[in-house]
Every structure is written in C-alpha cells, then in structure tokens.
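One-letter residues, chain by chain:
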Protein chains: 2
Amino acid sequence: MTQYSAGTVRQQILAVLSAWGMTPERAEITAEVMVDTDLAGIDSHGISMLPMYQRLINAGKLDTRAEAVIEREGPSTAVVDGGHNLGHSAMVTAMRLAVSKARETGVGVVTVRRSHHFGAAGYYARIAAESGQIGLVTSTTPTKTVVPTRGSRPVLGTNPLAFAAPSANEAEPFLLDMSTSTVAMNKVKVYDYLEKPLPAGWVLDGAGQPVTDSHAGYSQLRDQKEGGLSPLGGTEQLSSHKGYGLALMVQILAGALAGATFAPLREPSDPNDIGHFCLVIDPAFFGDAEQFAASVSQIVDLLRAEPPAAPDRPVLVPGDIERTVRTERLAAGIPLSGGLVSHIRDICDQNEAPFHL
Amino acid sequence: MTQYSAGTVRQQILAVLSAWGMTPERAEITAEVMVDTDLAGIDSHGISMLPMYQRLINAGKLDTRAEAVIEREGPSTAVVDGGHNLGHSAMVTAMRLAVSKARETGVGVVTVRRSHHFGAAGYYARIAAESGQIGLVTSTTPTKTVVPTRGSRPVLGTNPLAFAAPSANEAEPFLLDMSTSTVAMNKVKVYDYLEKPLPAGWVLDGAGQPVTDSHAGYSQLRDQKEGGLSPLGGTEQLSSHKGYGLALMVQILAGALAGATFAPLREPSDPNDIGHFCLVIDPAFFGDAEQFAASVSQIVDLLRAEPPAAPDRPVLVPGDIERTVRTERLAAGIPLSGGLVSHIRDICDQNEAPFHL
C-alpha cells in the first residue's frame, strides 16, 4: 500500500473521467464524490471502481458523455434521467433539486432512472444535512447477491440506504450509510484473502445454512447460483425477514418508483438501468430548525456518553468512524494497493490520459 | 383461549373507550385500528393494551377526552398535536392529511407530537397503499429496552418502522411492519413462559454477551438496568450497528423532528410525549401509477415463486403472514386468554362500561 494525497487521487480520477469524454462539470463532481468516498474509508466505492467502469464502457453499457436531464418536475418532486452515465453527478443534481424543493415546500422527493453505480449513498444524504435538512437516499444495485429469507438463491442486491440529519455541530451531522444485507460482498472477499473463518450468518448456502469457510463462501457469492449474502438479521431466527423487507423497500423506492429495472428481470444484454431515490425534509416546516439540530445533538451526545460493555470500545454514533478515517487520511493520504495502481496505469494508457500516481 | 368475533371485540373496545370519555368519532376510529391489529395477529398491540391504557389514565398521563389538533400546515407538511390522547386516531388524522397533501404536491410529511401508544405502525402505512400511494410510518416508544451497539444498558426503544406500497392486486399491498430491534420484548416473554432457551442474539447482558436463559433474559428486560434487547443484526459481528442506526433514524424522524422527547431524557413524572412520523408519496408524480403498482407486483410475484431452501417453507413477502391470519380470524374469531378477558371485565366494572365478552 502506498499513500496518496486526496488532491493527487482527485487529479487522477479527473484525468481518467475527462479522457472518457465526461463533460468538465460532471467530471469535477464525480471526481469529488469518488475521492470523498475514499477519504471516508469506503475503499470499495471510490477510485477502485475505475477498472469496473472501464469494463462497462468496453461492454458498451456506460455512456460517459451523457448529461443528466430533469424530465419531469412538480412542486415537491422531480424525475432525473441519468442517460446511462455514472450515477454520481446525476445524484448530486437530484439531491440539490430535492434540497431546493424542500426549502420551498418542506419536502422534496427526486428519483433518478437509467443510472449506474454512484459510489457511497452517504455522500448524497450528507448534502441535505449540510443544508440543515434531513436526507434519505436509497439505490438499487445491478448484481444479485442477497438471498431472500427462506430462499435458496440470490435475487436481491445489497440495496443501500443512507440517512443524514444536521446536529448542532455543523461538522458532525448524523450519517447512517448501510447496505440492507448483513455485510457487503467485499467483506467476505477480505476474509477469504486473510483465510479467516466467516461469522455464522454472513453467507448462507442453498439450504439456508450458514457458510463459515470463507473460501467456499466467497466462491459461492461469485457463482451467484446458490445461496449468497444474508439480509440484515443474518438468519431467519434472528429476524432476517426485516433486512429482507428493508431490501424490498429500497427496491420499491429506487426501482419501481424511479422506473428502473429489477435485476432478476433484466437480460444480460439490457442496460444496467440502476435507479436512485432521494428524500429531503426541511425541519423548519415542523418547528424551530435550531431546536431540531439541538435535539439531534442531545440524542447522539447521550449515546456517546453511555457506559460501554467493554471499557476500551466506546459507544459510537453513525458517522463517527467515517469522520475519524477522513481526518486520518486528510493528514496521511489515501492508501492504494500496487495492484490497483497498476490497473489504473493501464486505464490511463488505454485512454491516453495522464498518469499521476 | 376463547375466540370472539371481530364485531364483538370492536364493540367491547368501543364501550371502554366511550366510558373513558373519548369522543364518538375518535372512539370509532381507535376501536377500528385496535381490532384490525388483533385481526392481523399482532396480539400485543390490540385489545390487550386496554389494561395498560387504564394504568396510564389512573396515573393521570392519558387524556382520553383530548382532540387531535392540526397546529401547523404547509403545502406538503403538517404538525398534529395529539393532546396526550391515544395515538390511533391522531395518526389516522395525520395519515389522511399526508395522503391528501401527496395527492396535491406528490409528497406529504406529517408529524404527531404529545401522543401515546398507537398500536401497530403497519395500519397507518396501509392507509397510503389503499389510496394507491406509498406510505412510511415511524414512532418513538416510551420504554427503554434496546441496547446500542457496544453499550451496556438499554436507552433506545423498539422504534418501529412500517412501509407500504400498492400492488396491482388491490387486496394485497406490500406491507412491512417491523421493530428496529431483533425481536420485540413480547417474544422474549413468550419464550420465558414456554421455558424455551432464547436464540443467541435476541437479548444481550451488560457485557454485550448473548443471554440464552429465557427466564434470566426476560427478568433483565423488566429490570431495565443492564443489557436488554439487541438492535436488528443481533451482535456487533452480525452488524447490529445497522439496526442501531435505524433505531436512531426513527428517533430523529418521530422524536427530534416531531418535537417529541427522547425516553432517556424524560423524568418519570413527565408526560409520555410519544412522537410519530408519516411520509406519503404519490407515484403518479413520477410516472404512470398503474405501471408502478405493476412493478411492485412483478417484484413480489418473482419472490413468492423463488425455490425455497426447504420445500415446505415457501418464500414470503412482507404482509403475507398478516393477511393469512386476518382471513383465519375473520372466519374463526380472535383468540383472547381468560386472564385478559377478566382484566377487561374489571376495567368495565371500574368505568361502568357494558361488558360484551
């Protein structure tokens, strides 16, 4: 692992996006979202996605030149057509629109269809919190990795959900960013790499039983034939039907409502057609906005001061870990593996983009 | 257990509510919500709540005569003051308001403050689905039963979340109704009664370790001093931080936004001051409403047809179990225990209400 400054990582991403033909404004926004994701420690969703995006371009599935278009608008609602481009800048457009609608009417709901991977959902929810508003973001996912409760094979995605709210401390919004599965596929990959046994409940086999051999578990996830990741809850006994239900809620909001497809109904030749959903609520329409932020602070401050079960492991609040990692990485840089750097060099060569790492 | 028709149970609830001085319109609505909850099999939240409501009245905490008042209103938002009455009819007012606002602007968000127990959250989300709209409902809870991830004692409630959406089959809306804990306290009570060991992950002790002795687990929940119910996920290893984060999301929406208090910050002498949150979205503002309902049906139909892990346990969709139980109970009646019936007879005697069971 070598560490690179956020500025260098941003410059590298921007160089590649520009070489792919993305318009300057959209490339700037996309690079900003991606580097922020790396700063927050969500390594699987930042610069490491460039090789996957290149594969999508090669397959003719990703149109990096497309603009996001607002195709329908009401006083509190809008629909954005992502044009099969990457989801990042379409979602920034969508969230900014939802924020301005919430400012006018108290609530804004904006959906995005014909989109692609957008990185980490939390980035967009935080846009609302930074404007003093509440943000809820969900997205469909293109791959089938999660097994419904009582099912035998993967039909759902990790369908993420992010929720943010301002606190009295502007630099510390409440920020929940989670998949609706117990863990993401990447976590199983890391356990396989480290040859560590999987906790019972992360991965299930075709008979609904926990798989604890990490090599077998990861192979099974890649095959996508039988078993897969568990919905949040892990097993039926531990109420995985709730995580499964939340995954369907996400599918209904970001898929059915947004007019995007459901992965199991898509043919391999179809576009990815990922959908996103944004909800923004302005607390000023419900009472005093400062009182709202103070109440959020009261809640999180009380939790952080709770006596922990183990003295050296304090009770945290969603957003704390990402904030700590961001501070560290702003100082020490973003760690990138030699393998990833070499992949990116190839992408630069292929697209005649400058290589900065 | 003796079985009583839904009509008899409704009549009995109505008689008690009327004797408590509730206005006829609010009493009718409240009885309707409560009997519907019993019909859906959510026995802990229907007629069995009457003894608890009587205790709240005796303690001077519940004002059954109060009207719910809309105290603030915008094009897409409103705030309802529940007047410290039961939450059921205030929430029906709130949801109907959210539905009509969504019909006008595409979205309606209505909060309720100074409220009380409202039964099952799913009832209200279903009001939206029955109008062809999407509904999301959350509520705070007065008791501290859930331990935050890494914590040693209960500070959160079971903070429920319900989500409903219409499908192409009007009689079968999608309906998720869940607490954000792994299980509700009542489930632990039943295991204690049956002397069955608890699954590891339902209840945690003060050191964050699973409690499997159901008697010890249930005693601990009643003491509310150390340990408690786990957030959805169960243990930290199985991502209980996600269930914990969802519980906080609910607390922020139904508590901080609604202007209701956070249970750990409330003095025993304070009013319960429970808060509720309703969001309604009209799919017609995002595309063709019939196409939306058809997409929801495509999703749930595909899941119900999935090959199950065990042949005799088909894959279900949120709402399926409640619908089956409702059909059974409409035919065979609602089972009530002798102990509960005797409690209700006492309440009738005490309030000079007719006894119908």
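Given the structure is predicted, the values throughout are model-derived calculations rather than measurements.

1. What about helix H11 (residues 338-351) of chain A?
All names here are of chain A. Relative to the 20 Å expected for 14 residues at 1.5 Å per residue, H11 spans 20 Å between its end C-alpha atoms, a close match to the ideal helical length. Listed as buried for H11 are Leu-340, Val-341, Ile-344, Ile-347, Cys-348 and Asn-351. The buried residues of H11 occupy an angular sector of 115° when projected down its axis, which confines them to one face. Facing away from the buried side of H11, by more than 90 degrees, are the exposed residues Gly-338 and Asp-349. Contacts made by the buried residues of H11 are with strand S1 (2-4), helix H1 (6-19), helix H3 (50-58) and strand S12 (334-336).

2. Here's the deal with the sheet that holds strand S10 (residues 228-229) of chain B
All names here are of chain B. Read from one edge to the other, the open sheet built from three strands follows the order S9-S8-S10, with strand pairing classed as antiparallel. Two strands lie at the open edges of the sheet, namely strand S9 (210-211) and S10, each paired on one side alone. The sheet contact formed by strand S8 (residues 203-204) and S9 spans two bridges and is antiparallel. Within the sheet, the bridge partner assigned to Val-203 lies in S9 and is Val-211.

3. Quick look at the packing of aromatic side chains
Tallying each qualifying case throughout the model produces eight aromatic pairs over all chains. With centroids separated by 4.9 Å and ring planes inclined at 40°, the aromatic side chains of A:Phe118 and A:Tyr124 adopt a geometry described as tilted. A single burial state applies to A:Phe118 and to A:Tyr124, both of which are buried. Between B:Tyr123 and B:Tyr124, the ring centres sit 5.5 Å apart and the planes meet at 75°, which makes this aromatic pair edge-to-face.

4. Re helix H7 (residues 214-223) of chain B
Helical periodicity: at 3.6 residues per turn, an α-helix aligns residues three or four positions apart in one direction. Residue and element names in this part refer to chain B. Buried within H7 we find Ser-214, Gly-217, Tyr-218, Gln-220 and Leu-221. The arc that holds the buried residues of H7, viewed along the axis, is 155°, so those residues lie on one side. On its buried face, H7 sits against helix H6 (185-194), S8, S9 and S10. Capping of H7 at its N-terminal end is provided by Asp-213; its side-chain oxygen lies 2.9 Å from the backbone amide nitrogen of His-215.

5. Side note on a nonpolar patch on the surface
There is a patch of nonpolar side chains on the surface, built from A:Val190, A:Tyr193 and A:Leu194 and spanning about 350 Å² of accessible area. For A:Leu194, the location among the structural elements is in the loop between helix H6 (185-193) and strand S8 (203-204).

6. What about the interface of chain B and chain A?
In this assembly, 83 residues from chain B lie in contact with 83 residues from chain A. Where chain B abuts chain A, roughly 6900 Å² becomes buried across the two surfaces, and 72% of that area is made up of carbon and sulfur atoms. At the boundary of chain B and chain A, one finds four salt bridges. Measuring nitrogen to oxygen at the nearest pair gives 2.8 Å for the salt bridge that ties B:Glu306 to A:Arg153. Put simply, the parts of the chain that give the side of chain B that touches chain A at least two residues each are strand S3 (77-81), strand S4 (107-115), strand S5 (134-139), strand S6 (161-165), strand S7 (174-178), helix H8 (240-257), strand S11 (274-281) and helix H9 (289-304) of chain B. Counting residues per element, the side of chain B that touches chain A draws most heavily on H8(B), which supplies 12 residues. Class assignment of the residues belonging to the side of chain B that touches chain A gives a composition of 53 nonpolar, 23 polar and seven charged.

7. Re the confidence of the model for chain A
For chain A, per-residue confidence averages 96 on the pLDDT scale, and 100% of positions sit at 70 or higher. Here the predicted complex scores 0.98 on pTM and 0.98 on ipTM.

8. Some words on the packing of helix H2 (residues 24-39) of chain A against helix H5 (residues 121-130) of chain A
All names here are of chain A. The geometry of H2 relative to H5 is characterised by a closest axis approach of 9 Å and an angle of 105° between their N-to-C directions. As the angle between them shows, H2 and H5 are arranged roughly perpendicular. Side by side, H2 and H5 meet where Glu-32, Val-33 and Asp-36 of the first sit next to Tyr-123, Tyr-124 and Arg-126 of the second. Residue classes in the contact of H2 with H5 are distributed as three nonpolar, no polar and three charged.

9. Observations regarding the packing of H2(A) against helix H4 (residues 87-105) of chain A
Packed helices, taken two at a time, are described by the angle between their axes plus the distance between the axes. All names here are of chain A. Where H2 contacts H4, the two axes come as close as 8 Å, and the packing angle between them is 95°. In this view, H2 runs roughly perpendicular relative to H4, as classed from their interaxial angle. Taking contact as the criterion, the partners of Arg-26, Ile-29, Thr-30, Val-33 and Met-34 in H2 are, on H4, His-88, Ser-89, Ala-90, Val-92, Thr-93 and Arg-96. Of the residues in the contact of H2 with H4, the class split is five nonpolar, four polar and two charged.

10. Concerning the pattern of salt bridges
Taken as a whole and judged by the stated rule, the model has 34 salt bridges over all chains. In this structure, B:Arg304 engages B:Glu172 in a salt bridge whose closest nitrogen and oxygen atoms are separated by 3.8 Å. One end of the pair, B:Arg304, is in helix H9; the other, B:Glu172, is in the loop between S6 and S7, with 132 residues separating them in the sequence. Its relative accessible area of 29% is what places B:Arg304 among the partly exposed residues. A network of salt bridges, in which partner residues are shared, links A:Glu172, A:Asp301, A:Arg304, A:Asp320 and A:Arg323.

11. Some points on the environment of A:Thr77
With respect to the element layout, A:Thr77 can be found in strand S3 (residues 77-81). Look at A:Thr77 and you get buried, because its relative accessible area is 1%. Separated by 34 residues in the primary sequence, A:Thr77 and A:Thr111 place their C-alpha atoms 8.3 Å from one another. When residues no more than four places from it in sequence are discounted, the contact partners of A:Thr77 are A:Arg72, A:Lys101, A:Val109, B:Thr105, B:Gly106, B:Val107, B:Phe285 and B:Phe286.

Basis of the calculations
Residues numbered from 1 in each chain as written. Chains lettered and ligands numbered in written order. Predicted model: local features only at pLDDT ≥ 70, side-chain atom pairs only at ≥ 80, totals over all residues. Heavy atoms only, no water. Helix = DSSP H or I, 4+ residues; strand = E, 2+ residues; numbered from the N terminus. Expected span 1.5 Å × (residues − 1). Buried < 20%, exposed > 50% of the residue type's maximum accessible area, 1.4 Å probe, protein only. Arc of directions from axis to C-beta. Contact = heavy atoms within 4.5 Å. Pairing = 2+ DSSP bridges. Phe/Tyr/Trp six-rings, centres within 6.5 Å; stacked < 30°, edge-to-face > 60°. Polar contact = N/O pair within 3.5 Å; in protein donor to acceptor, adjacent residues only side chain to side chain. Patch = residues over 30% accessible without salt bridge, like charges linked within 9 Å, V, L, I, M, F, W, Y side chains within 5 Å. Areas by Shrake-Rupley, 256 points an atom, 1.4 Å probe, with all protein chains shown as cover. Salt bridge = Lys/Arg side-chain N within 4 Å of Asp/Glu carboxyl O. Buried area = accessible area lost by both parts, 1.4 Å probe. Nonpolar A, V, L, I, M, F, W, Y, C, P; charged D, E, K, R; others polar. pLDDT = per-residue confidence, 0-100. Axes fitted to C-alpha atoms, helices over the stretch in contact; angles between N-to-C directions. Parallel < 35°, antiparallel > 145°, perpendicular 65-115°, else oblique.

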